[in-house]
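So you can see what is in the structure, the chains are spelled out below.
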Amino acid sequence: MTNFSNQELKALQQLTGISDETQLFLGQLPEDLPVNLPFPNGAQMVGSLCINFRQFNILFDTSLSLDQVKTFYKQRLIEPEWQELIFTSPTYKGFQAAPVVVQTQVERNLRFRAVSKAIELNIQCSPCPDSTNQTSVTLMLAPLPYPEPLGVLDLPPFPPLADPPDATRLRSHGSTFDECASHVYLTSSLELSELFIHYANQFEDANWIESDRGQAGPTNMWGSWTIQTPQGQVWISHLNVIKLGGIQHQYIALARVSRQQPRPLDGG
């Protein structure tokens, strides 16, 4: 690992667009970590960031496999100092069994809470892009977003949207972030209004509250719903069902779920 002077590090920060509030450490840990973190034997430190003296990102490579990394941290980060927060996605599905990115997130990530510090530790693992037998691990330390710890990952509460019994699914897609979109291209003997109601009822069966509904011409019906999670987060969903022009009984259905952003305080 090349040693950089402070001046060289400053130039590197400017070239990469890293703000002045962020400290960059190449090949070493940040100073004054708020908790002691274990590292596997032989771990190769790539670098780390300290953001506003509150958030820390640490990247290292290890010869351990993904499963071995998870086992290592499950055995070392134990009660009473640490509490594992379980990743689950029981209500996040959209137009398919589960978006691949959610499955990958559940399989590759760990999440812990430092009990006495109100600090959250996220551990992300992935294969090293330039090696077949190395795992790249990122440790992210940040203050907990809520006064009380959450027991599960706060994924968008997307209901599982099942197709009509006679439908033939031609294509589907899903993704997950603070805003998730899912769509399906299918054939069905149902008319546009019947297919829309089929999916809309599934939002309401999942305790979403309808806020609007309408139709734009003979080929597009849409609706929107809201739901509030036990943690007080408000989510908004939108559903569009579009009948493809000139093609009998073929549709595209699009659903989107997004977290409602807090309104800014009035200046006056």
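Just so it is clear, the structure is predicted and the values come from calculations on it, not from any experiment.

**Here we look at the overall build of the protein**
- Regarding its fold elements, the protein presents four helices and 13 strands.
- Taken across its 268 residues, the protein has 37% of its residues classed as buried.
- Intrachain contacts of the protein at a sequence separation of at least 6 include 56% that bridge at least 24 residues.
- Accessible surface for the protein amounts to roughly 15200 Å². Of this, 50% is attributable to carbon and sulfur atoms.

**Here we look at unusual backbone geometry**
- That bond from E79 to P80 is cis: its omega, 10°, falls within 30 degrees of zero.
- Within the fold, P80 resides in the loop between α2 (66-76) and β4 (82-84).
- Although it is not a glycine, A118 sits at a positive phi angle of roughly 55°.
- Owing to a relative accessible area of 40%, A118 belongs among the partly exposed residues under this scheme.
- Of note, N207 is a non-glycine position whose phi angle comes to about 75°, a positive value.
- Its place among the elements puts N207 in the loop between α4 (192-205) and β10 (209-215).
- Judged by its relative accessible area of 59%, N207 is exposed.

**Describing the pairing of strand β6 (residues 119-127)**
- Strand direction decides the pairing type here: strand β5 (residues 109-114) and β6, joined by six bridges, are antiparallel. Of the residues in β6, the one forming a bridge with L110 is I123.
- The turn linking β5 back onto β6 is made up of four residues, and A118 within it adopts a positive phi angle of 55°.
- Two elements, β6 and strand β7 (residues 135-143), share nine bridges in a ladder whose sense is antiparallel. Residue pairing across strands places I123 opposite L139, the latter belonging to β7.

**Observations concerning the side chain of S136**
- In this fold, S136 is placed in strand β7.
- Among the residues examined, S136 registers a relative accessible area of 13% and is labelled buried.
- In contact with S136, not counting residues within four places along its chain, are L59, F60, D61, Q124, C125, S126, P127 and C128.

**Notes on the nonpolar core**
- L37, Y73, W82, F112, L121, I123 and L139 are the most contacted members of the largest nonpolar core, which has 22 residues in total.
- Mapped onto this core, the elements with two or more residues apiece are β3 (55-62), α2, β5, β6 and β7.
- It is β6 that provides the largest number of residues to this core, a total of four residues.
- Residue contacts for I123: discarding those within four places in its chain leaves Y73, L77, R108, N109, L110, F112, V137, T138 and L139.
- In terms of nonpolar packing, the next biggest core, distinct from the first, is built from 21 residues, L192, F196, I227 and V241 among them.

**What to know about the pattern of salt bridges**
- Under the defined criterion, the tally for this structure stands at four salt bridges.
- Here E204 makes a salt bridge to R213, at a shortest N to O gap of 3.5 Å.
- E204 gets classed as partly exposed once you look at its relative accessible area, which sits at 30%.
- A relative accessible area of 35% places R213 in the partly exposed class.
- When salt bridges with common partners are traced through the structure, they connect E204, E210 and R213 into a single cluster.

**Points about the sheet that holds β5**
- Taking strand neighbours across the sheet as the criterion, the seven strands line up as β1-β2-β3-β7-β6-β5-β4 in an open arrangement whose pairing is antiparallel. Unpaired on one side and paired on the other, β1 (22-26) and β4 mark the two borders of the sheet. Going from strand to strand, the sheet's axes swing by 20° on average, the running direction of each strand aside.
- Where strand β2 (residues 44-51) lies against β3, seven bridges are found, and the strand directions are antiparallel.

**Here we look at the packing of aromatic side chains**
- A full pass over the atoms with the stated rule returns four aromatic pairs.
- Between F203 and W208, the aromatic rings sit 5.8 Å apart at their centres with planes inclined by 85°, giving edge-to-face as the arrangement. The same class applies to F203 as to W208, namely buried.

**Examining the confidence of the model for the protein**
- For the protein, the average pLDDT comes to 76, and 69% of its residues sit at 70 or higher.
- Every residue in residues 97-103 is under pLDDT 50, and counting partners more than four places away or in other chains gives 11 contacts.

Cut-offs applied
Residues numbered from 1 in each chain as written. Predicted model: local features only at pLDDT ≥ 70, side-chain atom pairs only at ≥ 80, totals over all residues. Heavy atoms only, no water. Helix = DSSP H or I, 4+ residues; strand = E, 2+ residues; numbered from the N terminus. Buried < 20%, exposed > 50% of the residue type's maximum accessible area, 1.4 Å probe, protein only. Contact = heavy atoms within 4.5 Å. Areas by Shrake-Rupley, 256 points an atom, 1.4 Å probe, with all protein chains shown as cover. Pairing = 2+ DSSP bridges. Core = buried A, V, L, I, M, F, W, Y, C linked by side-chain atoms within 4.5 Å. Salt bridge = Lys/Arg side-chain N within 4 Å of Asp/Glu carboxyl O. Axes fitted to C-alpha atoms, helices over the stretch in contact; angles between N-to-C directions. Phe/Tyr/Trp six-rings, centres within 6.5 Å; stacked < 30°, edge-to-face > 60°. pLDDT = per-residue confidence, 0-100.

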